Amino acid sequence: MTKSNPKIGRGAVISACGILEGAIKTNVDLESILIEYGLSDFVPAGGSIAKTLLNLKNFAAQNPTFMVRTDYGEKTLSELLIGEAIRLGGRNVGTEQWKKLERYLNLDGFALLKDVKQGMFNDEVTVTGFTVAMPGFVALPETGSEVDILLERNGFSVAQRHLASAKENIAQADWEAANSQCRTFLEALTDAISDKLYPTEAASRASGLQKRQLLADHGFLSREKHEFGDGNKQSFLPGLAKLLHPDGAHPGISTQHDAMFRLQLVVVTARWLLKRLET
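Residues numbered from 1 in each chain as written. Predicted model: local features only at pLDDT ≥ 70, side-chain atom pairs only at ≥ 80, totals over all residues. Heavy atoms only, no water.

J.: Explain the overall build of the protein to me, please; I cannot follow it from the model alone.
T.: Counting secondary structure elements, the protein contains 12 helices and four strands. In the protein, the proportion of contacts linking residues at least 24 apart, taken out of those at least 6 apart, comes to 56%. Counting every atom, the protein has about 14,700 Å² of accessible surface; 52% of that belongs to carbon and sulfur. (Helix = DSSP H or I, 4+ residues; strand = E, 2+ residues; numbered from the N terminus. Contact = heavy atoms within 4.5 Å. Areas by Shrake-Rupley, 256 points an atom, 1.4 Å probe, with all protein chains shown as cover.)

J.: Just to check I follow, could you spell out helix α11 (residues 236–244) for this structure?
T.: An α-helical turn contains 3.6 residues, so any two residues separated by three or four positions project in the same direction. Of all the residues in α11, the buried ones are Leu237, Pro238, Leu240, Ala241 and Leu244. One side of α11 holds all its buried residues, which, seen down the axis, span an arc of 160°. Turning to α11, the residues buried within the fold contact α8 (175–197), α10 (209–217) and α12 (256–277). (Buried < 20%, exposed > 50% of the residue type's maximum accessible area, 1.4 Å probe, protein only. Arc of directions from axis to C-beta.)

J.: Just checking my understanding: could you explain the packing of α11 against α12 for this structure?
T.: Two quantities define a packed helix pair, namely the angle between the helix axes and the distance between the axes. Contact geometry of α11 with α12 gives a least axis separation of 11 Å together with a crossing angle of 155°. By the angle between their directions, the pair α11 and α12 is classed as roughly antiparallel. The element α11 and its partner α12 pack so that their crossing is left-handed. Along the contact surface, α11 presents Phe236, Leu237, Leu240, Leu243 and Leu244, while α12 presents Phe261, Arg262, Leu265, Val266, Thr269 and Trp272. For the contact of α11 with α12, the per-class residue count stands at nine nonpolar, one polar and one charged. (Axes fitted to C-alpha atoms, helices over the stretch in contact; angles between N-to-C directions. Parallel < 35°, antiparallel > 145°, perpendicular 65-115°, else oblique. Left-handed = near helix turned anticlockwise from the far one by under 90°. Nonpolar A, V, L, I, M, F, W, Y, C, P; charged D, E, K, R; others polar.)

J.: Just checking my understanding: could you explain the packing of aromatic side chains for this structure?
T.: The final tally for this structure, using the stated rule, is five aromatic pairs. Seen from their ring centres, Phe59 and Phe66 are 5.3 Å apart, and the 75° between their planes marks the pair as edge-to-face. Residue classification places Phe59 among the buried positions, given a relative accessible area of 12%. Here the guanidinium or amino end of Arg276 rests over the ring plane of Phe220, the centre of that ring lying 5.9 Å away. (Phe/Tyr/Trp six-rings, centres within 6.5 Å; stacked < 30°, edge-to-face > 60°. Lys NZ or Arg CZ within 6 Å of the ring centre and 35° of its normal.)

J.: Looking at this structure, how should I read the environment of Ile14?
T.: Inspection of the secondary structure puts Ile14 in helix α1 (residues 10–23). Judged by relative accessible area, which is 30%, Ile14 ranks as partly exposed. Taking C-alpha positions, Ile14 is 9.8 Å from Gln97, a pair spaced 83 residues apart along the chain. Once you skip the residues sitting within four places of it in the chain, Ile14 turns out to touch Lys57 and Ala61.

J.: Got a minute to help me understand the environment of Ser48 in this structure?
T.: Mapped onto the elements of the fold, Ser48 is located in the loop between α2 (27–36) and α3 (49–62). With a relative accessible area of 25%, Ser48 lands in the partly exposed category. The spacing of Ser48 and Leu30 is 18 residues in sequence and 9.6 Å in space, taken between C-alpha atoms. Here Lys51 takes part through its backbone nitrogen, which lies 3.2 Å from a polar atom of the side chain of Ser48. (Polar contact = N/O pair within 3.5 Å; in protein donor to acceptor, adjacent residues only side chain to side chain.)

Any link to function would need more than the numbers given here.
Put into structure tokens, the structure is as follows:
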């Protein structure tokens, strides 16, 4: 991993340590890992695998970018722990710990690499590594962090809460709730922009569509460039709203990849709107 790649967050680090707790069988094995990677001076042995790993979790959570030397070169501590979880426990990927690790990695901008072999009754899945999920110029963590800063700077606290809820719902595997929060976030953002730019007129408009119409009336959204359109005309924001929320508040069965796609869409769109607001 290079320094330009997204960073692995606390949730993924803690989940990796949880996988290691089930994969490491003896204190000797765990302490050998600490000694090999120069961590024994920072992570005291706790007398049991669980206690030593708790010390490792605490240190890793506070120092995720701590550099360690491996036989493949230098890595951050967070990258090392994900790699050790894959090396030692990558064949037992059906557990909730692995599903949780994958969700956190997705939110951080990474994807697990999997080798799938077809079996007579069930496929055999082995995790072989992890990689950056998207090109750097569209990676969610960098864009997401900038959006959080812009929301805070403009005082858009309602939209900020909905975005945080969408991310939390994905981390908890509640895909339908995440999808709902994504559309509510986008609506709250356009409402807030309308209220800030045109407070007198916005006060008499209902939330959602009417406030987006107000933004288009004043040229903040362009009808000519199909950013917004009335009626059934094909345009970006109305189409995005329908995509995010096709069947009401609970659009039915969703998936992890579908929820991440929606989150990535609204974060990139929010950045575009907020950057325009500040120009």
